[in-house]
Amino acid sequence: MRRDTGGRLPSDGVTPGPTAGTTLDTALLAPHTTLGLGGPARRLVRATTADEVVARARAADGAGEPLLLVGGGSNLVVGDAGWPGTALLLDHRGHEIVARDGDAVVLHVEAGHDLDALVADTVAAGLGGLECLSGIPGRTGATPVQNVGAYGVEVADLLVGADLYARRTGRRGPVAAAELELGYRTSRLKGDRNVDGEVVLGVRFRLTTDGLSAPIRYAELARALDVEPGARVPVAAAREAVLGLRRAKGMVIDPDDPDSRSAGSFFMNPVVDPGTAARVEARAQERGQVPVTAWPQPDGRVKLSAAALIERAGIPRGHPGEHSPVRVSTKHTLALTHRGGGTTDDLLALARDVRDHVDGAFGIVLRPEPVLVSCAL
């Protein structure tokens with residue numbers, strides 16, 4: 001493979017944000033989260049290059065200052081007390097094709113680049129692979145941390161590697177995807193598993209060049225496209241179908257849609273052993289309900305639909321009612337929304353209510369998908 005210096009996508013050269021490394025006038029974190037919740041940071045700064053991210057992280061660590069990395073804030077729940085240190089907004093953007101190999105390219109993306117903007121650019125360029133991640137808010141650098149996935153595609157399917165800065169050791173450089181221990185909504189970069197304090201500076205995806213999507217694996221998407229599972233379709237068609245499905249669930253950021261003011265899916269789909277799955281199905285039958293949606297996994301376990309568990313546990317859409325500042329989405333029970341005037345404590349109380357209903361009904365304890373900062377369930 002060779003470096004391709006002429007292969008730029010439509011939004012390369014995107015206008016940068018505020019002056020690199022600026023300290024912002026306000027330290028409020030709520031405006032930098034899709035929930036619109038969370039107290040202030042002691043200090044809020046922005047970095048517009050990877051070098052600046054490293055410099056700011058080194059400065060904070062050298063001063064013994066707690067450091068919080070903030071991308072698009074779409075997977076972040078910040079406590080009402082805020083953050084007792086520096087919050088660093090990752091705003092380094094851009095992408096370019098760095099290698100070509102037959103019918104594929106390797107695309108390097110800066111970690112601060114908006115994910116949906118990236119997907120739109122790759123679709124416009126006829127590159128396939130990322131289209132099923134359309135409409136997911138946030139920054140591209142978060143995708144390997146969570147092994148972000150939707151509609152049958154996970155980042156692990158496409159990731160070549162990531163550029164990392166390890167705060168504990170000072171090492172900076174590329175790491176292959178195989179070393180990141182990517183699993184269902186997890187990696188070695190997530191939470192307590194990130195023992196070296198590794199920060200994602202950039203990622204590399206392998207994408208196809210024939211203008212067709214990845215094989216359509218998700219049944220709901222296949223139905224929307226009117227194709228058989230496993231078919232490939234034009235990337236633009238796949239993107240539009242995914243966006244349509246997500247909008248119907250309030251999962252595309254829209255200022256006119258209060259259901260979209262959320263952190264996306266608040267709970268992860270639980271992955272359980274076959275015996276537990278059978279017990280859940282039996283309890284649903286005892287309650288006169290249709291079976292909980294389940295997907296067999298390669299390791300023999302079964303992934304259960306958290307949304308179905310929530311509904312069958314007696315939590316309806318819109319719970320606990322239209323006068324509450326926080327409530328379950330009126331479109332999808334997996335999203336917890338903030339309608340304005342609420343607090344993070346309000347949101348966490350609602351999350352506990354949902355979790356406890358599911359535990360009481362099925363003996364399954366749902367785990368939150370967003371990162372909880374200065375707060376806990």
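Residues numbered from 1 in each chain as written. Predicted model: local features only at pLDDT ≥ 70, side-chain atom pairs only at ≥ 80, totals over all residues. Heavy atoms only, no water.

## Some points on the overall build of the protein
For the protein, the helix and strand inventory stands at eight helices and 18 strands. Relative to the 2.2 N^0.38 estimate, which gives 21 Å for 377 residues, the radius of gyration of the protein is 21 Å and therefore close to what a compact globule would have. Over its C-alpha atoms, taken along the principal directions, the protein stretches across nearly 60 × 50 × 40 Å. Counting across all 377 residues of the protein, residues that qualify as buried make up 53%. Taking contacts inside the protein between residues at least 6 apart in sequence as the whole, the part at least 24 apart equals 65%. With the model as given, the accessible surface of the protein reaches about 15900 Å², and the carbon-plus-sulfur share is 51%. Separation of charge centres in the protein, based on 42 positive and 46 negative side chains, amounts to 2 Å. (Helix = DSSP H or I, 4+ residues; strand = E, 2+ residues; numbered from the N terminus. Rg over C-alpha atoms; globule rule 2.2 N^0.38 Å. Buried < 20%, exposed > 50% of the residue type's maximum accessible area, 1.4 Å probe, protein only. Contact = heavy atoms within 4.5 Å. Areas by Shrake-Rupley, 256 points an atom, 1.4 Å probe, with all protein chains shown as cover. Lys, Arg positive; Asp, Glu negative; His and termini not counted. Charge placed at Lys NZ, Arg CZ, Asp CG, Glu CD.)

## Some remarks on the pairing of strand β10 (residues 172-176)
Two strands pair when backbone bridges link them, and strand β9 (residues 159-166) and β10 are joined in this way by five bridges, in the antiparallel orientation. Bridge pairing in β10 links A162 to V175. From the end of β9 to the start of β10, which pair antiparallel, there are five residues, and G170 there has a positive phi angle of about 85°. (Pairing = 2+ DSSP bridges.)

## With respect to the packing of aromatic side chains
Aromatic ring pairs are described here by two measures, namely the spacing of the ring centres and the angle between the planes. Scanning all chains against the criterion turns up two aromatic pairs. Ring centres of Y151 and Y218 lie 5.2 Å apart, and the angle between their planes is 80°; this geometry places the pair in the edge-to-face category. Taken together, the residues Y151 in the loop between β7 (149-150) and β8 (153-154) and Y218 in the loop between β11 (198-208) and α4 (219-225) connect sequence positions 67 residues apart. Between F266 and F267 the ring centres are 5.1 Å apart and the planes differ by 70°, which places this aromatic pair in the edge-to-face class. Among the residues examined, F266 registers a relative accessible area of 1% and is labelled buried. Residue F267 is classed as buried on the basis of its relative accessible area of 1%. (Phe/Tyr/Trp six-rings, centres within 6.5 Å; stacked < 30°, edge-to-face > 60°.)

## As for the sheet that holds strand β5 (residues 95-101)
Read from one edge to the other, the open sheet built from five strands follows the order β5-β6-β11-β9-β10, with strand pairing classed as antiparallel. This sheet does not close on itself; its edge strands, each paired only once, are β5 and β10. Pairwise comparison of adjacent strand axes, ignoring direction, gives a mean angle of 25° for this sheet. For β5 and strand β6 (residues 104-110), the ladder comprises six bridges, and the chain directions are antiparallel. Considered in β6, the bridge of I97 is made with L107. Against the sheet, helix α2 (residues 115-124) touches β5, β6 and β11, its axis set at about 150° to β6. (Axes fitted to C-alpha atoms, helices over the stretch in contact; angles between N-to-C directions.)

## A closer look at the nonpolar core
Counting 42 residues, the largest nonpolar core has L130, F205 and L221 as the members making the most contacts within it. Where this core is concerned, the elements lending two or more residues are β6, α2, β9, β11, α4 and α5 (235-248). A per-element tally of this core places α5 first, with five residues. In this view, F205 contacts V105, V106, L107, V109, L118, L130, T140, T143, V155, L158, L159 and V160; residues no more than four positions away in its chain are not counted. Formed by 35 residues, the second largest nonpolar core is a distinct cluster that contains V328, L350, V358 and C375. (Core = buried A, V, L, I, M, F, W, Y, C linked by side-chain atoms within 4.5 Å.)

## A closer look at the sheet that holds strand β15 (residues 302-304)
Here three strands make up an open sheet; going across it, the order is β13-β15-β14 and the pairing antiparallel. With one partner strand each, in any of the chains shown, β13 (271-272) and β14 (294-296) form the two edges of the open sheet. As paired strands, β13 and β15 are joined by two bridges and run antiparallel to one another. Following the sheet pairing, V271 is matched in β15 by K303. Its contacts with the sheet place helix α6 (residues 274-286) against β13 and β15, and it is angled at close to 40° to β15.

## Side note on the packing of α6 against helix α8 (residues 344-362)
α8 packs onto α6 with a crossing angle of 90° between their chain directions and a minimal axis gap of 9 Å. In this view, α6 runs roughly perpendicular relative to α8, as classed from their interaxial angle. Taking contact as the criterion, the partners of R279, V280, R283 and A284 in α6 are, on α8, G360, A361 and F362. Here the contact of α6 with α8 is built from residues that sort into four nonpolar, one polar and two charged. (Parallel < 35°, antiparallel > 145°, perpendicular 65-115°, else oblique. Nonpolar A, V, L, I, M, F, W, Y, C, P; charged D, E, K, R; others polar.)

## Brief notes about the pattern of salt bridges
If you walk through the whole model with that rule in mind, you get 22 salt bridges. Measuring nitrogen to oxygen at the nearest pair gives 2.7 Å for the salt bridge that ties R188 to E198. Taken together, the residues R188 in the loop between β10 and β11 and E198 in strand β11 connect sequence positions 10 residues apart. Taken as a pair, R188 and E198 share a single burial class, namely buried. What you see here is one network of salt bridges that share partners, running through R46, D91, R93 and R139. (Salt bridge = Lys/Arg side-chain N within 4 Å of Asp/Glu carboxyl O.)

## Looking at the layout of surface pockets
By volume, the second largest pocket is sized at about 290 Å³. Lining the second largest pocket, in full, are Y184, R185, T186, K190, M268, N269, P270, V271, R301, V365, L366 and R367. Among the residues forming the lining of the second largest pocket, the class breakdown is six nonpolar, two polar and four charged. (1 Å grid on protein atoms, 1.4 Å probe; cavity = no way out; pocket = protein on both sides within 12 Å on 5 of 7 lines; lining within 4 Å. Points joined across faces, edges and corners; volume = space filled by probe spheres on them.)

Worth remembering: the numbers are spatial, not functional.
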